[in-house]
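# Report on the structure
The primary structure of each chain is shown beneath.
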Amino acid sequence: MGYEVIRYEVEGAVATITMNRPEVANAQDTRLIDELDAAFDQADADDDVRVVILAGAGKHFSSGHDLKAIVGDTEPDEWRLMRETPEGKMHHEKVMYFDRCKRIHDFRKPTIASVQGSCIAAGLMLACMCDLIVAADDARFSNPVLRMTGAGVELLVEPWELGIRKAKEFLWTGDIIDANEAWRLGLVNQVVPRDELSARTRQLAERIALVPPATAQLVKDTINQTADLMGQSASWKYHFMAHHWMHNTSTALNALEERKSRTTMKEVFADRDRGDGPSGGN
Ligand code: ZN
């Protein structure tokens, strides 16, 4: 497929997939999610590619799912139309959010997220699907959807990334974790100066590319299997069902009606851009 909202580049043994909607902080709409999926297919099929970097163009890695595409006044696509019913909403999020993210987590080759600026809600979920995260010193991680009734995002990464106690605090307060705190918590592998982010991520990728691909892939698989034996996949499936139960509660539906009744979506997006609000489909 021709890419419009991502860039795909291969240099040596490293493929770099860059989300390229900087005007909306790389908010993830259908097109972006489809192109990411195609780019990972391309990197998978290319035997010369040993490591994949996932990056975001502009000031921010990703502000999450594109709320305007879901409830704004843009022309609805087939997925948005499907969201009229609980069944359709669940199918949309299972295919486009849950499965597409999980395939990045399960991707055969090592992956590194290169994160700067805001990394919010589904942006955080996406970054956490990668094996490693290199953060710029201006990176800010948050998932502020609970106060807007969203039960986290589709794959609840926080307990695995932050530990049980911190995960609850992070989700209940919606507080922002800065790059150094993210490093202290083990959410990111390295913190580097913003202007060195691309080069330092690349350096790390090139070192990993020195490992024979079969070995690197096998060790990735067994480490992921360790998390699976600790219940990661099952906990994500459980959360996905709970998340959808929440979507259909009167609590969530009333909040959605209230949001729709505003004359414009400006307030909602202003909240998001401040980092206080949900990123969208959440
Ligand atoms: Zn959802």
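Keep in mind that this is a model prediction, so the values were computed, not measured. Numbering of residues starts from 1 in every chain and runs along the sequence as written. Totals for whole chains, interfaces and linings use every residue, but because this is a predicted model, local features are given only for residues with pLDDT of at least 70 and side-chain atom pairs only at 80 or more, for both listing and counting. To get the side-chain values, all heavy atoms of the structure are used, and hydrogens and water are removed first.

## Quick notes on the side chain of Glu 158
Which entries qualify depends on this criterion: We count a stretch as a helix when DSSP gives it H or I for four or more residues in a row; a strand needs E for two or more, and each element gets its number in order from the N terminus. Note on exposure labels: buried denotes an accessible area under 20% of the residue type's maximum, exposed denotes more than 50%, and partly exposed covers the range between, all computed with a 1.4 Å probe on protein chains only. Under the convention used here, Asp and Glu are negative, Lys and Arg are positive, and both His and the chain ends fall outside the count. Take a side-chain nitrogen of Lys or Arg and a carboxyl oxygen of Asp or Glu: if they are within 4 Å of each other, that pair is a salt bridge.
Looking at the element boundaries, Glu 158 is found in helix H6 (residues 158-162). Buried and unpaired, Glu 158 has no salt bridge, with Lys 166 as the nearest side chain of opposite charge at 13 Å.

## Concerning the environment of Gly 12
As for its placement among the helices and strands, Gly 12 is situated in the loop between strand S1 (6-11) and strand S2 (14-19). Gly 12 sits in the exposed class, given a relative accessible area of 62%.

## Details of the sheet that holds strand S7 (residues 140-142)
Using the following cut-off: Here the rule is simple: two strands pair whenever DSSP picks up at least two bridges between them.
A sheet is described by the order of its strands in space; here three strands give the open sequence S5-S7-S8, paired in mixed fashion. On the outer flanks of this sheet lie strand S5 (118-120) and strand S8 (177-178), each paired with one strand and no other. Note that S5 and S7 share three bridges and pair parallel. Each residue of the ladder has a partner; that of Ile 120, found in S7, is Ser 142.

## Regarding the coordination of the zinc ion
This is how it is decided: The donor set covers N, O and S atoms within 2.8 Å of the metal, switching to 3.2 Å for Na, K and Ca, and it leaves out water, so a site may look short of donors.
Only Glu 93 (OE), Glu 93 (OE), Glu 154 (OE), His 243 (NE2) and His 247 (NE2) from the protein coordinate the zinc ion, and they sit 2.0 to 2.6 Å from it. Given a relative accessible area of 1%, His 243 falls into the buried group.

## A short note on the environment of Ala 182
What counts, and what does not: A contact between two residues is defined here by any heavy atoms of the two lying within 4.5 Å.
With respect to the helices and strands, the residue Ala 182 is situated in helix H8 (residues 179-185). On the basis of relative accessible area, Ala 182 is assigned to the buried category, the value being 0%. A C-alpha to C-alpha distance of 30 Å links Ala 182 and Ile 70, two positions 112 residues apart in sequence. When residues no more than four places from it in sequence are discounted, the contact partners of Ala 182 are Phe 141, Ile 177, Leu 187 and Val 188.

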